[in-house]
Amino acid sequence: MPKRADLSDTFCPVGRSAELLGDRAVLLILRDLFFGKRRFEAIAANTGLGPQLVSARLKLLVAEGVAERHAYQDRPPRYEYRLTAKGKDLFDVLYAMRNWAERWAYEEGETGSGPAVRYFHRACGADVGTSTVCPGCGEPLRYGDLKGEPSAALRAEQAARGG
């Protein structure tokens, strides 16, 4: 397998973004952080990734300033991970990926009678579909504005994985 090119010093912004976000494990961990999963065990269970991979990618996200590690227990030492402002700014990227997948990545009826995750605007309760602006109140949608409701198919998948 050929070695991947290092794009960390390119002037191309897509290349620089891809250096961090071009890793499936990073995207799945970010998804879980956006959904409020902060602890290592919960992230590993929900993503289905091995513990060594989760550990390595969390260390990368901390080193890149996307997440911070916070102690929640002294003995034994245990940590949770929280998004930084830099990490929260990735919301639009993951939300765009979700919206693309809801439109193009599933066969008809594959996720049940609707999207894999239905999002509602916390401020007004409107179902936002795949909008980037709330259809109910017209507010732009940002990190923390949405409440997700997984479909029955997604809930069953998560339960089978132990997430």
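Everything below is about the structure shown above.
Residues numbered from 1 in each chain as written. Predicted model: local features only at pLDDT ≥ 70, side-chain atom pairs only at ≥ 80, totals over all residues. Heavy atoms only, no water.

Trainee: How would you summarise the overall build of the chain if you had to cite specific residues and measurements?
Mentor: Helix and strand content of the chain: seven helices and four strands. When the elements of the chain are put in sequence order from the N terminus, they spell out α-α-α-α-β-β-α-α-β-β-α. Relative to the 2.2 N^0.38 estimate, which gives 15 Å for 163 residues, the radius of gyration of the chain is 17 Å and therefore close to what a compact globule would have. Across its three principal axes, the chain shows a C-alpha extent of roughly 45 × 40 × 35 Å. By the burial criterion, 29% of the 163 residues in the chain qualify as buried. (Helix = DSSP H or I, 4+ residues; strand = E, 2+ residues; numbered from the N terminus. Rg over C-alpha atoms; globule rule 2.2 N^0.38 Å. Buried < 20%, exposed > 50% of the residue type's maximum accessible area, 1.4 Å probe, protein only.)

Trainee: Run through the packing of aromatic side chains, naming residues and quoting values.
Mentor: Under the definition given, this model contains five aromatic pairs. Ring centres 6.3 Å apart and planes at 20 degrees place the aromatic pair Phe35 and Tyr119 in the stacked group. Separated by 84 residues along the polypeptide, Phe35 in the loop between α2 (24–34) and α3 (40–47) and Tyr119 in strand β3 (residues 117–121) bring together distant segments of the chain. Aromatic side chains Phe91 and Tyr95 sit 5.3 Å apart centroid to centroid with 15 degrees between the ring planes, which places their arrangement in the stacked category. Here Phe91 and its partner Tyr95 are both found in helix α6 (residues 91–104), four residues apart, which amounts to about one turn of the helix. Chaining the aromatic ring pairs together yields one cluster made of Phe34, Phe35, Phe91, Tyr95, Tyr119 and Tyr143. (Phe/Tyr/Trp six-rings, centres within 6.5 Å; stacked < 30°, edge-to-face > 60°.)

Trainee: Residues and numbers for the pairing of strand β1 (residues 67–73), please.
Mentor: Here β1 runs beside strand β2 (residues 78–83); their pairing, made up of six bridges, is antiparallel. Bridge pairing links His70 to Glu80 in β2. (Pairing = 2+ DSSP bridges.)

Trainee: Lay out helix α4 (residues 51–63) in plain terms, naming residues and giving numbers.
Mentor: Taking 1.5 Å per residue as the helical rise, α4 with its 13 residues ought to reach 18 Å, and the 18 Å between its terminal C-alpha atoms agrees with that figure. The set of residues buried in α4 consists of Val54, Leu58 and Leu61. One side of α4 holds all its buried residues, which, seen down the axis, span an arc of 60 degrees. Structural note: α4 exposes Gln52, Lys59 and Ala63 on the side pointing more than 90 degrees away from its buried face. Two residues or fewer after α4 comes Gly65, characterised by a positive phi angle close to 80 degrees. (Expected span 1.5 Å × (residues − 1). Arc of directions from axis to C-beta.)

Trainee: Before we move on, can you summarise the pattern of salt bridges with the specific residues and values?
Mentor: In total, this model carries nine salt bridges according to the counting rule given. As a salt-bridge pair, Arg82 and Glu80 come within 2.6 Å of each other at their nearest N and O atoms. The buried category is assigned to Glu80, whose relative accessible area is 9%. Residues Arg98 and Glu102 are paired through a salt bridge, measuring 3.9 Å at the closest nitrogen-oxygen approach. In this pair, Arg98 and Glu102 are both assigned in helix α6, four residues apart and thus about one turn of the helix distant. Comparing Arg98 with Glu102, the two get one shared label, buried. Here the residues in one salt-bridge network are Arg38, Arg39, Glu80 and Arg82, joined through shared partners. (Salt bridge = Lys/Arg side-chain N within 4 Å of Asp/Glu carboxyl O.)

Trainee: Any details on the state of the cysteines? Residues and values, ideally.
Mentor: Enumeration over the complete set of coordinates arrives at zero disulfides. The closest cysteine sulfur to the non-disulfide-bonded Cys137 is located on Cys134, 3.8 Å from its own sulfur. Given the relative accessible area of 35%, Cys137 is considered partly exposed. (Disulfide = S-S within 2.5 Å.)

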